[in-house]
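Reading the structure
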Amino acid sequence: MRALRLAMWSGPRNISTAMMRSWSSRADTFVTDEPLYAHYLATTGIDHPGREEVVAAYDGDWRRVVEWLTGPVPEGKAVWFQKHMTLHLTPEVGREWLGELQNAFLIRHPAEVIPSYARVRARPTVGDLGYPQQTALFEEVAAATGRTPPVVDSRDVLEDPRATLTALCAAVGVAFDEAMLSWPAGRHPQDGVWAPHWYQAVERSTGFAPYRPKQEPVPTALAGVYQQCLAHYQRMHAVRLAPPEPS
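All figures in this text were calculated on a predicted structure; none of them were measured in a lab. Sequence order sets the numbering: in each chain, residues are counted from 1 along the sequence as written. Totals for whole chains, interfaces and linings use every residue, but because this is a predicted model, local features are given only for residues with pLDDT of at least 70 and side-chain atom pairs only at 80 or more, for both listing and counting. Note that the side-chain values use all heavy atoms of the structure and ignore hydrogens as well as water.

Remarks on the overall build of the protein
- Note on conventions: DSSP H or I runs of at least 4 residues are helices, E runs of at least 2 residues are strands, and numbering of each starts at the N terminus. In terms of helices and strands, the protein carries twelve helices and five strands.
- If one aligns the C-alpha atoms of the protein with their principal axes, the spans along those axes are about 50 × 45 × 40 Å.
- Note on contacts: a residue pair qualifies if any of its non-hydrogen atoms lie within 4.5 Å across the two residues. Within the protein, counting contacts between residues at least 6 apart in sequence, those at least 24 apart form 78% of the total.
- Per-residue and other accessible areas were derived by the Shrake-Rupley procedure at a 1.4 Å probe size, with only the shown protein chains allowed to occlude residues. Carbon and sulfur atoms make up 53% of the accessible area of the protein, which totals about 11200 Å².
- The convention is simple: Lys and Arg are positive, Asp and Glu are negative, and His and the chain ends are not counted. Charged groups are reduced to one reference atom each: NZ for lysine, CZ for arginine, CG for aspartic acid, CD for glutamic acid. For the protein, the distance from the average position of its 24 positive side-chain charges to the average position of its 27 negative side-chain charges is 3 Å.

So this is what it looks like as structure tokens:
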């Protein structure tokens with residue numbers, strides 16, 4: 001059977017690391033954590049926590065990274081889950097290699113993303129949050145393939161992980177594995193060196209936490225950013241995989 005290279009594109013402060021944990025729990029899956037992050041930091045010069053450590057530890061040449069991502073699946077696994085941030089696809093990065101991957105998208109309402117992100121970087125822009133890049137990439141993939149790529153909403157995952165992951169697995173052509181619902185707490189070997197700055201909550205987890213509405217409001221200074229992000233989120237939300245039926 002042909003190996004599945006599943007690229008899941010999201011923005012920061014989504015449940016993307018928990019999703020990576022979920023896929024890493026499968027015996028048939030190798031996972032990769034944000035392989036284009038060093039390129040993004042080196043190219044943009046943006047100041048992120050742990051920036052110098054990331055740039056020093058990883059290959060910043062996107063061509064070499066892409067060659068690896070489209071090459072043999074490591075460890076002889078059948079599935080390669082690649083956790084990507086859409087904002088890491090800078091204009092310099094070619095797009096032709098995306099056709100060699102199964103591309104899926106993970107979305108989250110900006111009212112839940114922005115307060116969380118602002119605790120680490122206080123004044124994010126719309127581009128920092130990845131929403132416009134995500135819709136642009138979604139439309140590019142849809143146009144290239146002639147079909148709607150799978151879109152999963154974080155809230156649906158948290159409200160019913162089994163049903164939503166089953167739908168995602170079916171959409172990308174693999175069987176759901178019950179192992180995807182749990183994982184050991186703590187740091188995992190596939191985590192990027194940036195984990196100490198961003199992964200505190202997921203390191204305490206052993207599975208998807210039940211969905212709870214966020215009580216923290218969007219900062220007033222970011223109201224305009226929120227409205228712009230919301231329009232992009234709603235575009236993606238309208239075509240997400242059908243939420244599970246109430247049990």
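There is more to say after this.
Digging into the packing of helix H5 (residues 110–118) against helix H12 (residues 223–237)
- Angles run from 0 to 180 degrees between N-to-C directions of axes, and those axes are lines fitted to C-alpha atoms, restricted for helices to the stretch in contact. Interaxial distance between H5 and H12 falls to 9 Å at its minimum, and their mutual angle equals 135 degrees. As the angle between them shows, H5 and H12 are arranged oblique. Where H5 crosses over H12, the handedness of that crossing is right-handed. Two secondary-structure elements touch here, H5 through Pro110, Ala111 and Ile114 and H12 through Val225, Tyr226, Cys229, Leu230 and Tyr233.
- Amino acid classes used here: Ala, Val, Leu, Ile, Met, Phe, Trp, Tyr, Cys and Pro are nonpolar; Asp, Glu, Lys and Arg are charged; the rest, including Gly, are polar. When the residues that make up the contact of H5 with H12 are grouped by side-chain class, the tally is eight nonpolar, no polar and no charged. Here the word oblique covers every angle except those under 35 degrees (roughly parallel), over 145 (roughly antiparallel) and from 65 to 115 (roughly perpendicular). Definitions for this section: a left-handed crossing has its near helix turned counterclockwise from the far helix by less than a right angle. A right-handed crossing has that turn clockwise.

Description of the sheet that holds strand E1 (residues 4–10)
- Sheet architecture is open: five strands sit in the order E2-E3-E1-E4-E5, paired in parallel fashion. Pairing within the sheet leaves two strands with one partner each, and these edge strands are strand E2 (29–33) and strand E5 (151–153). Taken pair by pair, the neighbouring strands of this sheet meet at an average axis angle of 20 degrees, ignoring direction.
- Relative to strand E4 (residues 102–107), E1 is paired through four bridges, and the arrangement is parallel. Opposite Met8, over in E4, you have Ala104 as the bridge partner.
- Contacts from helix H1 (residues 16–24) reach E1, E2, strand E3 (79–85) and E4 within the one sheet, and its direction differs from that of E3 by about 175 degrees.
- Contacts from helix H4 (residues 62–69) reach E1, E2 and E3, with the element oriented near 150 degrees to E3. In this scheme, strands are said to pair when DSSP sees at least two bridges between them.

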